[in-house]
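# Tertiary structure, described
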Amino acid sequence: MKKISDSSTTKSSSQKTRYVYNFGEQTDGNASMRELLGGKGANLAEMAAIGLPVPPGFTVSTDVCTYFYAHGRSYPKTLAKDVEVAVKSVAKQMKREFGGRDNPLLVSVRSGARDSMPGMMDTILNLGLNDETVEGLASISDNPRFAWDCYRRFIQMYGDVVMGVQALNEESECPFHALLDNMKKSLNKELDNELTAEELQELVQRYKKLIADKTGKSFPQDVYEQLWGAVGAVFGSWKNDRAILYRSQYGIPAEWGTAVNIQAMVFGNAGDDSGTGVAFTRDPATGEKVFYGEYLTNAQGEDVVAGVRTPKPIAAMAKELPKNFTDLEKVRTRLEKHFKDMQDFEFTIENGRLFILQTRNGKRTGLAAIRIAVELNKEKLIDQKTALLKIPAESVDTLLVPVFDAKAQKEAKLICTGLPAGPGAATGRIAFTAAQAEIEARKGNKVILCRSETSPDDLKGMLHSQGILTTRGGVSSHAALVARQLGKVCICGAADITINYERKTLTANGITLKEGDYISINGTTGSVYQGLIESADSEVKRVLEGTMKASESYTYELFNTVMEWSDKYRKLRIRTNADTPAMAQTAVAYGAEGIGLCRTEHMFFEGSRIDDMRQMILAVDGVQRREALKKLLPMQRKDFVGLFKAMAGRPVTIRLLDPPLHEFLPQDDAVRRQLADKLGLPLEFVIDRIKALHEENPMLGCRGCRLGILYPEITEMQVQAIFEAAAELLTAKKPVEVHPEIMIPLVGFKAELADQLAIVHRIAEQVMTKKKIKFKYMVGTMVEVPRAAITADEIAEHAEFFSFGTNDLTQTTLGLSRDDMGLFYDEYQQKEIYSKNPFASLDKTGVGKLMQFAVTNGQKTRKDLKLGICGEHAGDPDSIDFCHNLGLQYVSCSPPRVPIARLAAAQAALRAAK
Ligand code: PEP
Ligand code: MG
């Protein structure tokens, strides 16, 4: 694991490894130490160092997490002593005593990984309370009710997180909540804060009994035992299911580990002059520069983020707690100036005194990421390069996704409104549980996950959903945070809705919908609609297609700024995988600079062409085959004319026929009969030919260049069509420039390429002579089987370019079918065997090494070998970064991913130059 070179972290013979870093009066860390202290720990240290009011505490480093997992969940020998010294220092700064009967110090114990993983790991608050210290807290606060409320909260959290007393499944209730609800019911009280000190004291007894009954152990009274239990639980939570799922979603390596932050508690629930909240320095949904957030008076932080009570907007604080609001505004400005990014920070006010508990770069929607980066640049806080690096490349996608059709939305039945927490438009079937969302999604249905509140356990269901709707919680609830980051449409706190999990219904304003019914949500406005609403193109798309003026859309202006900056800094060229003129046009509008892959087989699927193709496949000899190919030639020529025109002089790489032929043949009896009738062939003949063409393993069978070698007339027809199209355009009244690049698929031997090359050159000569014109073209190959990479030096003797077909190269290198990962992929993810899906993001250490080998050796033979990639990985930012460093000249991705690739390519260049 890479570690920053801080002298205090290195081990020399005279110096032991440092595991504990203080913040407060003495601060050992700073913001650059995220790897060692985690994001939370590093920023707490930084805030303490610049004089912000941070309660004192210390961070147990990520090294300890690594040690913990490498040594059977145990700790380095010196840790206990170091922690004790650090606790004593915190106690001294707070003028309290840990476990002290009269003036007890209470602490929070929180996780903190290098990248924040909101809500995925565990937290314990109010640690240090026991049957004695609770009395001490009651007397120093002069508020027994508050003390007993803290104690019951602590037992509940500790019992759940450390001792495992939890709800049995997502539909059953938390057993602590059940006891609390029972008590309220029996006393005829509605709200938690109506319970008296004596009643809370009684609740504490019931909680302790619950723990003893469920675990056979009593709730620990020793405060250090409590502390180590909590530290172990937090380290343990690095490997809980939801953290693993989150890591796989965001490509966070398991080796990073988490740090643990132990910090003096301050109390937002100490009375009406106390409170707690979460604030963003800008709006995380839209990126607008407004102070944004929410708070609750007389509450602890968990009440805000867990979404149990719906908090008030931050602006309300100006009236309710005016002095604190002014201080908070100052903190807002200071934090942004210092960290040079939008911050998401937590604060607590204890009896009128403001404390900052955490700050981090705020999670934001794609739109907000772009707006904030561009506007921070306008405000001269950051330069263009820094701004580009701040935008997750994938987030560009959110500017291109559809919105509801305005007319359809107006006509739809509005059920109610909630808080707009993740913008965009989503329609789908209602699912009330994460499991149901997954079932619907696997059936191919669109889903809206509807919950009264979500917990991080719902992550899997959220991933499968188009949108998330909750009836409780605010814009910083887990549902909102996670949805925004996932780019999901989200509405929170739709309080008019009542969900009945048992009956599987949702009711609002007299309308009842069942599980499976359609619902539509507009996460930009917060409106919830009954039924399905048609969606419409985004503003950016409309401007690009010329149906909206650029000057009318600020979103487009932002998009365009980022694209212009990207083009300035990127080295990689961006091409697209397109097979039709329409696709090509869209891609050009998105900024494509050429076609990197035209899959010619896709051109044969349309209309009656498929039957002509089938006739060609069923032919028993070359003569019959040529007859059928004659019919296909003019169609192919027309296709290429269209494609060349759409690309207007940009390079176009055309791949010759690649797939197993039997993919074109009908499996259905009725269709086989129709085909036999149409071709005037006996049905038995058709059936026999289809049988004869059957392969056990077609992906490794008669496909790719093997087709052209077996049936040279197919290659002849295709290249004739390409060259005749080129000649036609070059000699047209208004000539169009053309740059055809002919690509031979699935080559593993140089002799295969030589065979096909001879045909290409022969036909080119023929067309040039016949049309009396000279044109330039290139011939190259895909590198998509390991043998091609390994013999790249030989293959490059014939190939003018290599295009890495990483779909097949991954398939053949990993010995893993592109189409059959479903059966074991979940298990692999669970065990973190693949850090990412290797078909979505390049397996750099395996497939990547082959690519590197091919580049080095191909270039040894041919210095000016042109290099690109056209597998799906070409649209994945992380893989694009790899391709930049590999020295490829271009990446070729699907049209909608072109803008993402432009930005990712710029980021790769900027990172490499650092
Ligand atoms: C590839 O294999 O990466 C490729 C682009 O070709 P196809 O996906 O058509 O097999
Ligand atoms: Mg392929």
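Residues numbered from 1 in each chain as written. Chains lettered and ligands numbered in written order. Predicted model: local features only at pLDDT ≥ 70, side-chain atom pairs only at ≥ 80, totals over all residues. Heavy atoms only, no water.

## Brief notes about the overall build of the chain
Cut-off, in case you're wondering: In this text, helices come from DSSP runs of H or I with a minimum length of four residues, and strands from runs of E with a minimum of two, each type numbered from the N-terminal end. Radius of gyration means the value over C-alpha atoms here, while the globule rule gives 2.2 Å times the residue count to the 0.38 power. Buried, partly exposed and exposed residues are distinguished by accessible area as a fraction of the type maximum, computed with a 1.4 Å probe on protein chains only: under 20%, between the cut-offs, and over 50%, respectively. The contact rule is simple, with two residues in contact once any of their heavy atoms fall within 4.5 Å.
Of regular secondary structure, the chain possesses 35 helices and 33 strands. What you see for the chain is a C-alpha radius of gyration of 32 Å, in line with the 29 Å of a compact globule of 914 residues. Taken along the three principal axes of its C-alpha coordinates, the chain extends 100 × 70 × 55 Å. Here the chain holds 914 residues, and the buried ones make up 57% of them. A sequence separation of at least 24 residues applies to 68% of the contacts in the chain between residues at least 6 apart.

## Some remarks on helix α1 (residues 34-49)
An α-helical segment advances 3.6 residues per turn. Residues three or four places apart therefore align on the same side. To be explicit about the condition: Multiplying 1.5 Å by the residue count of a helix minus one yields the expected span of that helix. One fitted axis covers the seven residues ending at a residue, a second covers the seven starting there, and the bend at that residue is the angle between these axes.
Given a rise of 1.5 Å per residue, 16 residues ought to cover 22 Å, yet the end C-alpha atoms of α1 are separated by just 15 Å, more than 12% below that figure. At lysine 40, α1 shows its maximal kink, close to 75°. Most of α1 is tucked away, with 14 of its 16 residues classed as buried. Just downstream of α1, glycine 51 is the residue with a positive phi angle, here 90°.

## Concerning the coordination of the magnesium ion (ligand 2)
Put simply, the test is: Donor criterion used throughout: N, O or S atom within 2.8 Å of the metal, extended to 3.2 Å for Na, K and Ca. Water excluded; incomplete-looking sites may result.
With distances of 2.0 to 2.1 Å, the protein atoms coordinating the magnesium ion (ligand 2) are Glu784 (OE) and Asp808 (OD). Pair noted here: glutamate 784 is in the loop between β30 (778-783) and α29 (786-790) and aspartate 808 is in helix α31 (residues 806-814), with a separation of 24 residues, a long-range link. One exposure class covers both glutamate 784 and aspartate 808, and it is buried.

## Quick notes on the nonpolar core
Under the convention used in this document: We call a set of buried Ala, Val, Leu, Ile, Met, Phe, Trp, Tyr and Cys residues a nonpolar core when their side-chain atoms join them within 4.5 Å.
Core analysis: the biggest nonpolar cluster contains 137 residues, and Phe644, Phe723, Phe802, Phe804, Met851 and Leu888 have the highest contact counts within it. The residues touching methionine 851, leaving out its near neighbours within four places in the chain, are Phe804, Thr806, Leu809, Leu842, Ile869, Phe882 and Leu886. Of all hydrophobic cores here, the second largest spans 73 residues; its members include Leu105, Phe146, Met157 and Ala270.

## As for the sheet that holds strand β15 (residues 419-422)
We count it as follows: One requirement defines pairing of two strands: DSSP has to find at least two bridges between them. Axis geometry follows a simple rule: fit a line to the C-alpha atoms, using only the stretch in contact for helices, then measure angles between N-to-C directions, giving values from 0 to 180 degrees.
Across the sheet, which stays open at both edges, the 8 strands sit in the order β14-β24-β23-β16-β17-β18-β19-β15 with mixed pairing between neighbours. Strand pairing shows two members of the sheet lacking a second neighbour, β14 (413-417) and β15, which therefore form its edges. Averaged over all adjacent pairs, the angle separating strand axes in this sheet is 30°, with direction ignored. Pairing analysis gives 4 bridges linking β14 to strand β24 (residues 527-530), with the strands arranged antiparallel. When the bridges of β24 are listed, lysine 413 appears paired with glutamine 530. Helix-sheet contacts for helix α16 (residues 434-442) involve β16 (425-431) and β17 (447-451), and the interaxial angle to β17 is about 170°.

## Brief notes about the packing of helix α23 (residues 622-647) against helix α27 (residues 712-730)
Axes are the key here: two packed helices are described by the angle between their axes and the distance separating the axes. Convention followed: Put simply, a crossing is left-handed when the front helix is turned counterclockwise from the back one by less than a right angle, and right-handed when it is turned clockwise. In this classification, the charged set is Asp, Glu, Lys and Arg, the nonpolar set is Ala, Val, Leu, Ile, Met, Phe, Trp, Tyr, Cys and Pro, and all remaining amino acids, among them Gly, are polar.
Put simply, α23 and α27 touch, their axes get as near as 8 Å, and they point 35° apart. α27 is crossed by α23, and the crossing has right-handed handedness. Classifying every residue of the contact of α23 with α27 by side-chain character gives 13 nonpolar, 4 polar and 8 charged.

## Some thoughts on the site of ligand 1
For the record, the criterion: A cutoff of 4 Å decides nearness: a residue is near a molecule or strand if any of its heavy atoms lies inside that distance of it. Throughout this description, a polar contact denotes any pair of N or O atoms lying within 3.5 Å of each other; where both atoms belong to protein, one of them has to be capable of donating a hydrogen while the other can accept it, and for residues adjacent in sequence the pair is counted only when both atoms sit in side chains. In these tables, accessible area is a Shrake-Rupley quantity obtained with a 1.4 Å probe, and a residue counts as shielded only by the protein chains included in the view.
For ligand 1, the set of nearby residues contains 14 residues, the closest of which are Arg599, Arg655, Gly805, Asn807 and Arg818. Contact distances for ligand 1 include 2.7 Å between an oxygen atom and a side-chain N or O atom of arginine 599. In this structure, an oxygen atom belonging to ligand 1 sits 3.3 Å away from a main-chain N or O atom of glycine 805. For ligand 1, whose unbound accessible area comes to 280 Å², protein coverage reaches 96%. Those elements that provide at least two residues to the shell around ligand 1 are β27 (595-599) and α31. Per element, the largest residue contribution to the shell around ligand 1 is 3 residues, and it comes from α31. Its residues assigned to classes, the shell around ligand 1 comprises 3 nonpolar, 4 polar and 7 charged.

## Description of the environment of leucine 707
Relative to the helices and strands, leucine 707 is located in helix α26 (residues 705-710). Residue leucine 707 is classed as buried on the basis of its relative accessible area, which comes to 1%. Residue contacts for leucine 707: discarding those within four places in its chain leaves Leu657, Asp658, Pro659, Leu661 and Cys702.

## Considerations on the pattern of salt bridges
Inclusion rule: Put simply, a salt bridge is a Lys or Arg side-chain nitrogen that is within 4 Å of an Asp or Glu carboxyl oxygen.
Following the criterion strictly, the structure yields 55 salt bridges and no others. The partner of arginine 364 in a salt bridge is aspartate 341, and the shortest N-O contact between them spans 2.9 Å. With a gap of 23 residues between them, arginine 364 in the loop between β12 (353-361) and α13 (366-378) and aspartate 341 in the loop between α12 (322-339) and β11 (343-350) connect regions that are remote in the sequence. Across the pair, exposure class does not vary: arginine 364 and aspartate 341 are buried alike. Arginine 360 serves as the salt-bridge partner of aspartate 344, at 3.2 Å between the closest nitrogen and oxygen. Of this pair, aspartate 344 sits in strand β11 while arginine 360 is found in strand β12, placing the two residues 16 residues apart along the sequence. An identical accessibility class is assigned to aspartate 344 and arginine 360; each is buried.

## A look at the environment of asparagine 500
As for its placement among the helices and strands, asparagine 500 is situated in strand β20 (residues 498-500). C-alpha of asparagine 500 to C-alpha of isoleucine 521: the two residues are 21 residues apart in sequence and 19 Å apart in space. At 2.9 Å, the side chain of asparagine 500 and the backbone nitrogen of arginine 503 are in polar contact.

## What about the sheet that holds strand β31 (residues 801-804)?
Judged by pairing direction, the barrel is parallel, and its 8 strands sit side by side in the order β26-β27-β28-β29-β30-β31-β32-β33 before closing back on the first. Recorded for the sheet is a direction-independent mean angle of 25° between the axes of neighbouring strands. Note that strand β26 (residues 573-577) and β27 share 2 bridges and pair parallel. When the bridges of β27 are listed, threonine 576 appears paired with isoleucine 595. Most of the contacts of α23 go to strand β28 (residues 651-655), to which it runs at about 150°, and overall it touches β27, β28 and β29 (739-744).

## Describing the side chain of threonine 715
Assignment of secondary structure puts threonine 715 in helix α27. Ignoring sequence-local partners within four residues, the contact set of threonine 715 consists of Leu656, Gly708, Gln756 and Ile759.

## A word on the side chain of arginine 451
Along the chain, arginine 451 turns up in strand β17. Here phenylalanine 432 takes part through its backbone oxygen, which lies 2.9 Å from a polar atom of the side chain of arginine 451.

## Side note on the pairing of β24
Of the strand pairs in this sheet, strand β23 (residues 518-522) and β24 are connected by 4 bridges, and their pairing is antiparallel. Following the sheet pairing, isoleucine 519 is matched in β24 by glutamine 530. Between β23 and β24, which pair antiparallel in sequence order, lie 4 residues; one of them, glycine 526, sits at a positive phi of approximately 90°.

## Concerning the state of the cysteines
By definition, a disulfide links the sulfur atoms of two cysteines through a covalent bond. Operational definition: Throughout, a disulfide means two cysteine sulfur atoms within 2.5 Å of one another.
In total, this model carries 0 disulfides according to the counting rule given. Among the cysteines around cysteine 416, which has no disulfide bond, cysteine 450 carries the closest sulfur, lying 10 Å off. The exposure class of cysteine 416 is buried, given its relative accessible area of 4%. Considering cysteine sulfurs only, cysteine 490 is the nearest to cysteine 492, which forms no disulfide, with 3.9 Å between them.

## Examining the confidence of the model for the chain
Parts of the model with low pLDDT should not have their predicted coordinates read in detail. Put simply, the rule reads: Each residue gets a pLDDT score, which is the predictor's confidence in that residue and runs from 0 to 100.
Residues of the chain with pLDDT of at least 70 account for 95%, and the chain-wide mean is 91. Low confidence marks residues 1-14, where pLDDT is under 50. Its contacts with residues over four positions away, or in another chain, come to 24 contacts.

## Comments concerning the pairing of β11
Among the 8 residues of β11, 7 are classified as buried, and the element is accordingly described as predominantly covered. Across 6 bridges, the pairing between strand β8 (residues 275-280) and β11 is antiparallel. By the bridge assignment for β11, glycine 275 is matched with isoleucine 349. Here 8 bridges tie β11 to β12, and the two strands are oriented antiparallel to one another. If you follow isoleucine 349 over to β12, its bridge partner there is leucine 354. Linking two consecutive strands that pair antiparallel, namely β11 and β12, is a turn of 2 residues; a positive phi of about 45° is found at asparagine 351 within it.

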